[in-house]
Amino acid sequence: MGYGQAPHILIVGGGYVGMYTALRLQRKLHGGEATITVIEPNSYMTYQPFLPEAAAGNLEPRHVVVPLRKVLKGCRIVSGHVVTVSHERRTASVQPLLGEAFDLKYDILVICPGSVARTLPIPGLAEQGIGFKSAAEAIYLRNQVISRLDAAASATDSAVRRRALTFLFIGGGYAGIEALAELEDMARDACSYYPDLEPADMRWVLVEATGRILPEVSPGMGLYTVKQLEHRGIQVKLNTRVESLLDGRVVLDDGDRFEAGTVVWTAGVKPNPMLERTDLPLDDRGRLRATAFLQVDGVADAWTAGDCAAVPDLTKGEGATTGPSAQHAVRQARRLAENLLAELRHEPIKPYEHSYAGSVASLGLHKGVAEVYGIRLRGWPAWLMHRTYHLSRVPTVNRKARVVADWSLALFFRREIVSLGSFADPRAEFRRVAAPATAPATGTDAAPGTPAALEGSTTYPGADEAAGVDEAAAASAPPGTPAPAAAAAEANSQAARHRS
Ligand SMILES: Cc1cc2nc3c(=O)[nH]c(=O)nc-3n(C[C@H](O)[C@H](O)[C@H](O)COP(=O)(O)OP(=O)(O)OC[C@H]3O[C@@H](n4cnc5c(N)ncnc54)[C@H](O)[C@@H]3O)c2cc1C
C-alpha cells in the first residue's frame, strides 16, 4: 500500500457494521492517520432487535435508533445512497437525499449495506404486505394494529370487522415471531379499552413454509414457542405456503382462505442488491465473497462484514459461512476495524472467529424464549435475559438510559393505545382545505387512522375520479397501501367530512 497523504476510508452503510466500524476507527486512529466518510440514507443506526418492543409500545421508537452525527463526530456523514462502486477506479457514485448524484474518490472501501427482505412473486404481496426491518415499519405497524381495533369496534358490517381483526404474519424466524408475539400481546392488552371487542374476536395467523419456527434455537425450543403461541390463540401453520394475497384475500396451499387487513412479510433476508452494481466478487447467493480476515476476497483495499458478506465460519466445517445476525455483525465490525488499522500500520491482521452463542427472543411482556451457550430458559426468566442482554448491547450510555427509563415508566403506567396513523400522510387535511372541492371515494385499505380506514368498505360516488386526481396522496401512502387505495382513502376522508 502507499496512499500518499492520509488515506480516505469510505464506509458504505451506517448500520451495525458501518456504525461500529466507524466508531472504533475514530476512537483509535491517530490525528492525520486517515479520514472517514460514512454514507447512509438514514441519519441514524437502527438497533433492530428492539424493533418488536418499539412496535408494541414498550419502547419509544426514537430510543431504538442511534443518531450518527451525534456519535460519529470524527467522521464525515453523507446522507444518501451509494448507487455504484468502481473499486478499480476507487470511486463510488453517490445519490444524496437531495440534488444531483456525484462521484466520491476513496482509498479504502468498507462495504456493509446489509440485507433487504427476501420476497417471492406472490400475487398481491407487493400491494398488501409490509416488511419488518426499519423503525418506520415498526411505527407503521403499531398504528396499523391499533387503528384496525378502532375500525373493527366501530364497524357494523361483520365481514369488515373480521377482516380488520385478521393479522397475517409470513415467516417464522426471530424477527417474525417477535413482531407477531409483541403486537398480539399489545392488541390483547388494548382490547380491555374496547367494550365491543374481545381478544377472541381477533385472528392472528403465522404461516411458515418449513416444518419449524425459530431455526436459531433447538427444535425443542421451537416447539415450545409454537405451543406458547397456540395457547394464546395464535394459529401457527407450519409447512404451509401463501399462494395469493390479491386485495387482501389470503389463499394458502392448505386450502384455507380468508381476508386479512394486515399482512406482514418476515420470511428472511437477502443481500442488498446494490452489491450487483459494484465490480466486487459475489457468491451464488449474491453475497460479497469475503475472507476470514474480513477483506473482500482477492481485492486490495476492500473490506466487508455483516448481512451482505459471505464470511467463512471458522468454528464450523469447510464452506460454512456466518449467518445474518447482529451477534456476528457487531463482532465482525470490531475485528474489521482492528484489521484495517493493523494494515494501515503494517502490522499482522487476525481472522474473525466466533461461535454463535445462541438466541434470545421476547414473546410479549414477561414472556420469552432463550437458548444461550446451551442454557435454555422459558417464560419470565427468558424475557428478563432478553432485556438484560439487549440493554448491555444497545450502543451508547445515552440510549441505555432512555431504554431503562421507558421500561421503568411501564412498571407504573399501562402502555399507550393511541394510533397516530395520520402521521403517514400529515398533509391530507391541509390538501383537503387547500384544494378545490372534489367528489370522493372508497376503500378498506386506507392509511391507518384516516377516516376512510375507520369507515370500512363504505363507498362514495365519484371515487374513481378522486382516485385519479390525487396522485400526491398515493405517492405519500404508507408502505403496504396500494396507490389507488391511498387516493381512495384521501377521497373517502373528504367524503366523511362533507357528510358531517
Ligand atoms: C426485527 C429484527 C430483529 C432482529 N433481532 C436480532 C436479534 O435479536 N439478534 C441478532 O443477532 N440479530 C437480530 N437481527 C438481525 C440484525 O439486526 C442484522 O443481522 C444486523 O443488523 C446486520 O447488520 P448490517 O450492518 O450487516 O446491516 P444493517 O444493520 O441493516 O445496516 C445496513 C445499513 O446500510 C444502509 N444502506 C443500505 N443500502 C445502502 C446504500 N446503497 N448506500 C448506503 N447505505 C445503504 C442501510 O440503510 C442500513 O443502515 C434482527 C433483525 C430484525 C430486522
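In this text, all values refer to a predicted model and were calculated from it rather than measured experimentally.

1. Some remarks on the overall build of the protein
So, point 1. A tally of regular secondary structure across the protein gives 16 helices and 24 strands.
So, point 2. Across the 500 residues of the protein, 45% fall into the buried class.
So, point 3. Put simply, of all contacts in the protein between residues at least 6 apart along the chain, 66% involve residues at least 24 apart.

2. Focus: the environment of Val64
So, point 1. Note on placement: Val64 falls in the loop between helix H2 (51-55) and strand S4 (65-67).
So, point 2. Separated by ten residues in the primary sequence, Val64 and Ala54 have C-alpha atoms spaced 7.4 Å apart.
So, point 3. Other than its neighbours up to four places away in sequence, Val64 contacts Thr46, Tyr47, Phe50, Leu51, Ala54, Leu59 and Ala135.

3. Quick word on the pairing of strand S17 (residues 262-265)
So, point 1. The alternating pattern of S17 places Thr262 and Val264 on one face and Val263 and Trp265 on the opposite face, and all of these are buried.
So, point 2. Sheet analysis places strand S10 (residues 129-130) next to S17, joined by two bridges and oriented parallel. Within the sheet, the bridge partner assigned to Ile130 lies in S17 and is Val264.
So, point 3. Where strand S11 (residues 166-170) and S17 come together, four bridges link them in parallel fashion. Bridge pairing links Phe169 to Val264 in S17.

4. A few points about the sheet that holds strand S8 (residues 108-111)
Strand-to-strand pairing in sheets goes through backbone hydrogen bonds, with the strands running parallel or antiparallel.
So, point 1. The strand order across the open sheet built from seven strands is S7-S6-S5-S2-S1-S8-S20, with neighbouring strands paired in mixed fashion. For this open sheet the edge positions go to strand S7 (102-105) and strand S20 (302-304), each flanked by a neighbour on one side alone. Across this sheet, the average inter-strand angle for adjacent strands is 40°, counted without regard to direction.
So, point 2. When S8 meets S20, the two strands line up parallel, connected through three bridges. Bridging from a neighbouring strand, Leu109 pairs with Ala302 of S20.

5. Side note on the environment of Ala164
So, point 1. Its place among the elements puts Ala164 in helix H6 (residues 158-164).
So, point 2. Under the C-beta neighbour-count criterion, Ala164 is labelled buried, with 28 such atoms within 10 Å.
So, point 3. For the pair Ala164 and Ala260, spaced 96 residues apart in the sequence, the C-alpha separation amounts to 6.8 Å.
So, point 4. Setting aside anything within four residues of it in sequence, one finds Ala164 in contact with Arg148, Ala151, Ala152, Ala155 and Gly261.

6. Description of the pairing of S7
So, point 1. Both strand S6 (residues 91-96) and S7 contribute to a ladder of four bridges, which runs antiparallel. Among the inter-strand pairings, Thr91 is bridged to a residue of S7, identified as Lys105.
So, point 2. Taking the residues between adjacent antiparallel strands as the criterion, S6 and S7 are bridged by five residues, where Gly99 takes a positive phi near 90°.

7. So, the sheet that holds strand S15 (residues 249-252)
So, point 1. An order of S14-S15-S16 is seen for the three strands of this open sheet, with the pairing classed as antiparallel. Of all the strands in the sheet, the pair left with one neighbour each is strand S14 (242-244) and strand S16 (257-259). Ignoring which end each strand starts from, the neighbouring axes of this sheet average 35° apart.
So, point 2. The sheet contact formed by S14 and S15 spans two bridges and is antiparallel. When the sheet's bridge partners are listed, Val242 is paired in S15 with Leu252.

8. Examining helix H1 (residues 16-28)
So, point 1. Over its 13 residues, H1 extends 18 Å from the first C-alpha to the last, a length consistent with the 18 Å expected when each residue adds 1.5 Å.
So, point 2. Along H1, the positions that sit buried rather than exposed are Tyr16, Val17, Gly18, Met19, Tyr20, Thr21, Ala22, Leu23 and Leu25.

9. Notes on unusual backbone geometry
So, point 1. Phi is positive for Asp301, which is not a glycine, with a value near 60°.
So, point 2. With respect to the helices, strands and loops of the structure, Asp301 is situated in the loop between strand S19 (288-289) and S20.
So, point 3. We classify Asp301 as partly exposed; it has 19 C-beta atoms within 10 Å.

10. What about the environment of Arg203?
So, point 1. For Arg203, the position within the fold is in strand S12 (residues 203-207).
So, point 2. Of the residues examined, Arg203 has 17 C-beta atoms within 10 Å and is grouped as partly exposed.
So, point 3. For the pair Arg203 and Glu184, spaced 19 residues apart in the sequence, the C-alpha separation amounts to 9.5 Å.
So, point 4. Discounting residues that sit within four places of it in the chain, Arg203 has contacts with Leu165 and Thr166.

11. So, the packing of H1 against helix H9 (residues 326-344)
So, point 1. Two elements in contact, H1 and H9, have axes whose closest approach is 8 Å; the angle formed by their N-to-C orientations is 35°. Crossing angle aside, the handedness with which H1 passes H9 is right-handed. Touching Tyr16, Val17, Tyr20, Thr21, Arg24, Leu25 and Lys28 of H1 are Ala326, Ala329, Val330, Gln332, Ala333, Arg334, Leu336, Ala337, Leu340 and Leu341, all from H9.

12. Quick look at the packing of helix H5 (residues 135-154) against helix H7 (residues 174-190)
So, point 1. Between H5 and H7, whose axes approach to 11 Å, the crossing angle comes to 35°. As H5 packs across H7, the resulting crossing turns out to be right-handed. Between H5 and H7, the contacting residues are Leu141, Val145, Ile146 and Leu149 on the first element and Leu183, Met186, Ala187 and Ala190 on the second.

What counts and what doesn't
- Residues numbered from 1 in each chain as written.
- Predicted model: local features only at pLDDT ≥ 70, side-chain atom pairs only at ≥ 80, totals over all residues.
- Helix = DSSP H or I, 4+ residues; strand = E, 2+ residues; numbered from the N terminus.
- Buried ≥ 20, exposed ≤ 12 C-beta atoms within 10 Å, placed from the backbone.
- Contact = placed C-beta atoms within 7 Å.
- Pairing = 2+ DSSP bridges.
- Axes fitted to C-alpha atoms, helices over the stretch in contact; angles between N-to-C directions.
- Expected span 1.5 Å × (residues − 1).
- Left-handed = near helix turned anticlockwise from the far one by under 90°.

Limitation: the analysis is restricted to geometry and does not speak to function.
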